[in-house]
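A structural walkthrough
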Amino acid sequence: MLGGLGVGGEFTLSQDESTQFSREFSQLPSAGGKVTAEIARTFFMRSGLPNQILGQIWILSDNDKDGALNQKEFCVAMKLVRMALTKQQLPSSIPAQ
């Protein structure tokens with residue numbers, strides 16, 4: 001489980017979420033264990049969230065700032081998308097672990 005302080009409390013990723021999000025990650029085309037920004041953008045745009053929110057999610061989830069998401073970063077992004085869709089405030093930062 002990923003955990004750490006965020007705005008409004010803990011940022012956690014449950015085992016069920018991790019399993020579900022990892023399954024979705026495995027269905028996307030990847031190279032070197034990472035999903036490109038273009039593929040991730042197309043995937044996350046299906047959520048219907050505004051580009052501004054999706055950009056904020058990208059900044060928070062691309063931990064190593066390489067312009068691509070590994071499985072762990074993708075899971076964080078999915079959790080943030082879920083939070084945004086349920087009108088929860090996004091954290092100002094995500095713990096590295």
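Residues numbered from 1 in each chain as written. Predicted model: local features only at pLDDT ≥ 70, side-chain atom pairs only at ≥ 80, totals over all residues. Heavy atoms only, no water.

Remarks on helix 3 (residues 51–61)
Because the α-helix completes a turn every 3.6 residues, residues three or four places apart line up on one side. Those residues of helix 3 that fall on the buried side of the exposure criterion are Leu54, Ile57, Leu60 and Ser61. In an axial view of helix 3, the angular spread of the buried residues amounts to 120°, which keeps them on one side of the axis. Those residues of helix 3 that are exposed and angled more than 90 degrees off the buried face are Asn51, Gln52 and Ile59. For helix 3, the elements touching its buried residues are helix 2 (37–45), strand 4 (68–70) and helix 4 (71–85). (Buried < 20%, exposed > 50% of the residue type's maximum accessible area, 1.4 Å probe, protein only. Helix = DSSP H or I, 4+ residues; strand = E, 2+ residues; numbered from the N terminus. Arc of directions from axis to C-beta. Contact = heavy atoms within 4.5 Å.)

So, the packing of aromatic side chains
Per the counting criterion, the structure on display carries four aromatic pairs. On the basis of an interplanar angle of 50° and a centroid distance of 5.5 Å, the ring pair of Phe43 and Phe74 is categorised as tilted. With Phe43 in helix 2 and Phe74 in helix 4, this residue pair connects regions lying 31 residues apart in the sequence. The two residues Phe43 and Phe74 agree in class, both being buried. Ring pairing ties together the aromatic residues Phe25, Phe43, Phe44 and Phe74, which thus form one cluster. (Phe/Tyr/Trp six-rings, centres within 6.5 Å; stacked < 30°, edge-to-face > 60°.)

Comments concerning the confidence of the model for the protein
On average, residues of the protein carry a pLDDT of 89, and 88% of them reach 70 or more. Taken as a whole, residues 1–9 scores under 50 in pLDDT and shows 28 contacts with residues more than four places along the chain or in a different chain. (pLDDT = per-residue confidence, 0-100.)

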